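Fold and contact review
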Amino acid sequence: MKTVYFDNNATTKVAEEVAAEMKPLFCELYGNPSSMHTFGGQIGQKIRRAREQVAGLLGCSPGEIIFTSCGTESDNAAIKGTLAMYPHKRKVITTRVEHPAVLTVCREVENHGYTVVELSVDNAGRVDLEELEKELDEDTALVSIMYANNETGVVFPIEKIAEMVAGSGVVFHTDAVQAAGKMPLKLSESNIDLLSLSGHKLHAPKGVGVLYVKKGTRLSPFMMGGHQEGGRRAGTENVPGIVGLGKACELAAENLEEENSRVRYLRDKLESAILEKCPDCRLNGDKDNRLPNTTNISFEYIEGEAILLMLDKHGICASSGSACTSGSLEPSHVLRAMGVPFTAAHGSVRFSLSRYNTEEEVDYTIEKIPAVIDRLRELSPFVKKS
Ligand code: PLP
């Protein structure tokens with residue numbers, strides 16, 4: 001049975017071009033980039049090239065890129081590294097819909113005497129900017145607000161937020177793990193101070209990420225040891241991962257617009273067919289400000305997990321809530337923050353597409369879904385009662 005992969009916000013396929021670029025770095029060019037010899041020096045050159053490629057996608061200078069091991073590390077480093085630089089400031093502002101890589105860290109620092117404000121969102125998942133403006137004060141060390149939500153795809157007005165935060169002299173971090181490679185970025189013209197991205201969400205391998213640190217932003221080193229990454233993130237580099245990420249960023253930058261319109265067409269086709277063919281379902285999130293690849297749909301009266309299991313029988317991979325938090329019986333904290341009713345939040349499914357999906361896969365899924373939903377509704381005690 002063919003696999004139809006609609007779970008690209010969880011992770012993506014490594015692009016063939018990326019894998020090809022990485023291959024020689026395992027058994028042929030395996031030197032340590034810090035070594036004095038020419039063999040090692042060649043590897044240093046590969047890392048420099050990758051740094052330029054990442055900077056190309058982000059519209060910043062290569063010296064502002066720090067390679068990390070993942071998006072989670074970048075988020076942790078941004079938050080903890082900023083707070084360490086401003087010990088007299090005791091307040092952090094974030095949102096209720098962040099990924100756990102940000103929310104858990106913020107809730108942890110709360111245990112150390114910080115005030116953490118989690119901004120609310122409306123029922124379309126839009127953040128309340130007036131609330132942000134009211135909360136920004138002299139005690140605020142950091143504002144951390146995601147670029148795009150991993151569960152709904154809702155994109156926040158990050159440039160506007162960054163401008164507001166810069167005006168009050170506070171450091172601004174954005175988790176752009178889902179946005180990088182999908183949204184055009186020009187960080188040299190932006191007020192964003194810190195930005196996280198993750199390789200495996202944009203067709204690079206797992207185990208590599210980036211923290212962008214705007215020149216002049218104060219951040220304490222987050223891994224101590226050698227001099228790698230300018231002394232900010234010590235440890236021998238994951239060279240194949242870094243080289244792969246460089247290539248993935250180059251590919252994303254080259255094809256961004258064209259890919260977005262193709263993926264958006266497929267997503268819209270899938271979404272409108274589901275909404276049309278399945279009764280009692282609703283779209284979650286701001287339809288007009290979303291990533292082009294994501295749709296999050298709630299099916300009333302049935303469990304998202306049951307839908308996933310039935311789809312899985314047809315080879316269709318999707319997700320209910322974020323992969324990192326699935327396994328818990330609690331409905332998604334993002335949908336709850338948006339005020340999605342409990343029954344609808346429980347029956348939510350996220351489909352996230354990529355450049356590798358085809359129209360044939362979308363048509364196949366459109367053909368299978370209505371019968372899956374009908375069958376589960378027949379079995380649902382809630383439908384009979386209502
Ligand atoms: N931030 C967001 C918005 C994410 O979607 C994810 C992963 O799903 C992460 C952070 C964590 O990234 P990583 O898996 O690279 O640690």
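As the structure is a computational prediction, the values presented were derived from the model and not from experiment.

1. Here's the deal with the overall build of the protein chain
The number of helices and strands found in the protein chain is 13 helices and 12 strands. Overall, the C-alpha framework of the protein chain stretches about 70 × 50 × 35 Å when taken along its three principal axes. Burial status across the protein chain gives 57% buried among its 386 residues. Counting every atom, the protein chain has about 16,600 Å² of accessible surface; 53% of that belongs to carbon and sulfur. One finds the centroid of the 43 positive side-chain charges in the protein chain at a distance of 2 Å from the centroid of its 53 negative side-chain charges.

2. Quick notes on the site of the ligand
Within the structure, the ligand sits among 13 residues, and Thr72, Asp175, Gln178, Ser198 and Lys201 are positioned closest to it. Take Gly71: an N or O atom from its main chain is 2.8 Å from an oxygen atom of the ligand. With respect to the ligand, the side chain of Lys201 contributes an N or O atom lying 2.5 Å from an oxygen atom. Expressed as a share of its isolated accessible area of 400 Å², the protein-covered part of the ligand is 92%. Of the residues that constitute the shell around the ligand, the class distribution is 3 nonpolar, 7 polar and 3 charged.

3. Quick look at empty space enclosed by the protein
Under the defined criterion, the tally for this structure stands at 1 cavity of 30 Å³ or more. Here the largest cavity defines a volume of roughly 180 Å³. As for the largest cavity, its lining consists of 16 residues, of which Lys182, His203, Glu259, Ser354 and Arg355 are closest to the centre. For the lining of the largest cavity, the class distribution of residues is 5 nonpolar, 7 polar and 4 charged.

4. What to know about the packing of helix 4 (residues 71–85) against helix 5 (residues 100–110)
Where helix 4 contacts helix 5, the two axes come as close as 9 Å, and the packing angle between them is 30°. Taken together, the axes of helix 4 and helix 5 lie roughly parallel to each other. Relative to helix 5, helix 4 is oriented so that their crossing is right-handed. Contact residues: helix 4 offers Thr72, Asp75, Asn76, Ile79, Lys80 and Leu83, while helix 5 offers Ala101, Val102, Val105, Cys106 and Val109. Residues that form the contact of helix 4 with helix 5 fall into these classes: 7 nonpolar, 2 polar and 2 charged.

5. What to know about the sheet that holds strand 10 (residues 294–299)
Strands sit in the order 9-10-12 across an open sheet of 3 strands; the sheet is antiparallel. Two strands lie at the open edges of the sheet, namely strand 9 (281–283) and strand 12 (348–352), each paired on one side alone. Geometrically, the sheet is characterised by an average inter-axis angle of 25° between neighbouring strands, direction not taken into account. Bridge analysis of strand 10 against strand 12 gives 5 bridges, and the strand direction is antiparallel. Within strand 12, the residue paired with Ile297 across the bridge is Val349. Against the sheet, helix 9 (residues 304–313) engages strand 10 and strand 12, with an angle of about 45° to strand 12.

6. Focus: the side chain of Thr152
Among the secondary structure elements, Thr152 is positioned in the loop between strand 5 (140–144) and helix 7 (158–167). Accessibility expressed as a relative area gives 2% for Thr152, which makes it buried. From its side chain, Thr152 meets the backbone nitrogen of Val154 in a polar contact 3.2 Å long. Setting aside residues up to four positions removed in sequence, Thr152 forms contacts with Asn284, Gly285, Arg290, Thr294, Asn296, Val334, Leu335 and Met338.

7. Some points on the packing of aromatic side chains
Counting across every chain of the model gives 2 aromatic pairs. On the numbers, 5.1 Å between centres and 75° between planes, the contact of Tyr30 with Phe39 is edge-to-face. When its relative accessible area of 54% is taken as the criterion, Tyr30 is described as exposed. The cationic tip of Lys13 hangs over the ring face of Tyr356; the distance from NZ or CZ to the ring centre is 4.6 Å. Directly above the aromatic system of Tyr86 lies the positively charged group of Arg218, at a separation of 5.0 Å from the ring centroid.

8. Focus on the sheet that holds strand 5
A sheet is described by the order of its strands in space; here 7 strands give the open sequence 2-8-7-6-5-3-4, paired in mixed fashion. Since the sheet does not close on itself, it has two edges, and those belong to strand 2 (65–68) and strand 4 (115–119), each with one partner. Put simply, the sheet's adjacent strands are angled 20° from each other on average, direction ignored. Strand direction decides the pairing type here: strand 3 (residues 91–95) and strand 4, joined by 5 bridges, are parallel. In the sheet register, Lys91 faces strand 4, and the bridge partner there is Thr115. Each of strand 2, strand 3, strand 5, strand 6 (171–175), strand 7 (194–198) and strand 8 (209–213) is contacted by helix 4, which is oriented at about 160° to strand 7, the strand it contacts most. Across the sheet, helix 7 lies against strand 5 and strand 6, angled at about 160° from strand 6, the strand it touches most.

Rules of the game
Residues numbered from 1 in each chain as written. Predicted model: local features only at pLDDT ≥ 70, side-chain atom pairs only at ≥ 80, totals over all residues. Heavy atoms only, no water. Helix = DSSP H or I, 4+ residues; strand = E, 2+ residues; numbered from the N terminus. Buried < 20%, exposed > 50% of the residue type's maximum accessible area, 1.4 Å probe, protein only. Areas by Shrake-Rupley, 256 points an atom, 1.4 Å probe, with all protein chains shown as cover. Lys, Arg positive; Asp, Glu negative; His and termini not counted. Charge placed at Lys NZ, Arg CZ, Asp CG, Glu CD. Near = heavy atom within 4 Å. Polar contact = N/O pair within 3.5 Å; in protein donor to acceptor, adjacent residues only side chain to side chain. Nonpolar A, V, L, I, M, F, W, Y, C, P; charged D, E, K, R; others polar. 1 Å grid on protein atoms, 1.4 Å probe; cavity = no way out; pocket = protein on both sides within 12 Å on 5 of 7 lines; lining within 4 Å. Points joined across faces, edges and corners; volume = space filled by probe spheres on them. Axes fitted to C-alpha atoms, helices over the stretch in contact; angles between N-to-C directions. Parallel < 35°, antiparallel > 145°, perpendicular 65-115°, else oblique. Left-handed = near helix turned anticlockwise from the far one by under 90°. Contact = heavy atoms within 4.5 Å. Pairing = 2+ DSSP bridges. Phe/Tyr/Trp six-rings, centres within 6.5 Å; stacked < 30°, edge-to-face > 60°. Lys NZ or Arg CZ within 6 Å of the ring centre and 35° of its normal.

Keep in mind that these numbers describe shape and distance, not what the molecule does.
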